[in-house]
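Okay, here's what each chain looks like letter by letter:
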Amino acid sequence: KRCEDEATTSCTECDPDHLLILTTRDSYQAGTCIQALLCPDGFFQVGKSCEACDSQCETCIDNSGKCSQCKAASPYLHVESPNDANGTCHSGSCQMGYYEYSTTPKICLKCDPSCKYCTSQSPEACTDCEDPNDYHHRENASTTAGNCFSSLTATGNCQYNYYLAA
């Protein structure tokens, strides 16, 4: 059904200067047309239609699950690298495998793949190893961050300048 105004519902197509809302979100009803060039916050554009972002997203660009801004209830944006503008939103704090990169806005970056927990993206910043069989190499006993190695040296020792602690 082609619609010409914003009051009609159950539309499947809109006039050229309108966009079709495909999913109900906030004050927007699915099947309505809005007069706009761009989709409103909380939606991303697919041709001449607007699809709702993930419920945790305040805004998203091109995929419902990839947020560019998070809602207040889930303020931690988890991204793969500092150059990523889109990620997933979580509440509470950074999730396992991520560390807090920025506090305003709250951005969590992915740890090095060898780390289960970390203090930065560097491989030397692991506070726990992803593989429970890995050896956690730290500078000294009072340091919490270090490298994770999958094995000892060929002679059964820790990597150079490290010792095996209990």
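Every value quoted in this text rests on a predicted model; they were computed, and no experiment measured them.

Quick notes on the rules
- Residues numbered from 1 in each chain as written.
- Predicted model: local features only at pLDDT ≥ 70, side-chain atom pairs only at ≥ 80, totals over all residues.
- Heavy atoms only, no water.
- Pairing = 2+ DSSP bridges.
- Helix = DSSP H or I, 4+ residues; strand = E, 2+ residues; numbered from the N terminus.
- Axes fitted to C-alpha atoms, helices over the stretch in contact; angles between N-to-C directions.
- Disulfide = S-S within 2.5 Å.
- Buried < 20%, exposed > 50% of the residue type's maximum accessible area, 1.4 Å probe, protein only.

K.L.:
Can you tell me about the sheet that holds strand β3 (residues 18-21), naming the residues and giving the values?
P.N.:
Whenever strands of a sheet pair, they do so through backbone hydrogen bonds, lying parallel or antiparallel. The strand order across the open sheet formed by four strands is β4-β3-β6-β5, and the pairing between neighbours is mixed. Across the chains shown, the open sheet's two edge strands, defined by having one partner strand only, are β4 (32-35) and β5 (43-46). Strand-to-strand twist in this sheet, taken as the mean axis angle between neighbours without regard to direction, amounts to 35 degrees. Inspection of the sheet shows β5 paired to strand β6 (residues 49-52) by four bridges, in the antiparallel sense. Residue pairing in the sheet places Q45 in a bridge with C50 of β6.

K.L.:
Residue-level account of the state of the cysteines, with values.
P.N.:
Within the structure shown, the criterion is met by nine disulfides. Across the disulfide, C57 is cross-linked to C67 (sulfur-sulfur distance 1.8 Å). Torsion about the S-S bond of the C57 and C67 cystine: about -65 degrees, corresponding to left-handed handedness. Pair noted here: C57 is in strand β7 (residues 57-60) and C67 is in strand β8 (residues 67-70), with a separation of 10 residues, a long-range link. C67 carries the same exposure label as C57, and that label is buried. A disulfide bridge connects C70 with C89, and the sulfur atoms are separated by 2.0 Å. The disulfide joining C70 to C89 has a torsion of about -85 degrees about its S-S bond and is therefore left-handed. Of this pair, C70 sits in strand β8 while C89 sits in strand β10 (residues 88-90); the two residues are 19 residues apart in sequence, bridging distant segments of the chain. Under the relative-accessibility criterion, C70 is labelled buried at 18%.

K.L.:
Account for the sheet that holds β10, with residues named and values stated.
P.N.:
Ordered in space as β10-β9-β12-β11, the four strands form an open sheet in which the pairing is mixed. At either end of the open sheet lies a strand with only one pairing partner, and these are β10 and β11 (98-103). Sheet twist, expressed as the mean angle between neighbouring strand axes with direction ignored, is 35 degrees.

K.L.:
I'd like a rundown of unusual backbone geometry, residues and numbers included.
P.N.:
Residues other than glycine predominantly adopt negative phi, and peptide bonds predominantly adopt the trans conformation. Backbone torsion omega between T104 and P105 reads -5 degrees, so that peptide bond is classified as cis. Structurally, the position occupied by P105 is in the loop between β11 and β12 (106-110). Phi is positive for S10, close to 60 degrees, though the residue is something other than glycine. One can find S10 in the loop between β1 (2-3) and β2 (13-14). For D26, which is not glycine, the phi dihedral falls at a positive 50 degrees. Along the chain, D26 falls in the loop between β3 and β4. Note on D26: relative accessible area 56%, which makes it exposed.

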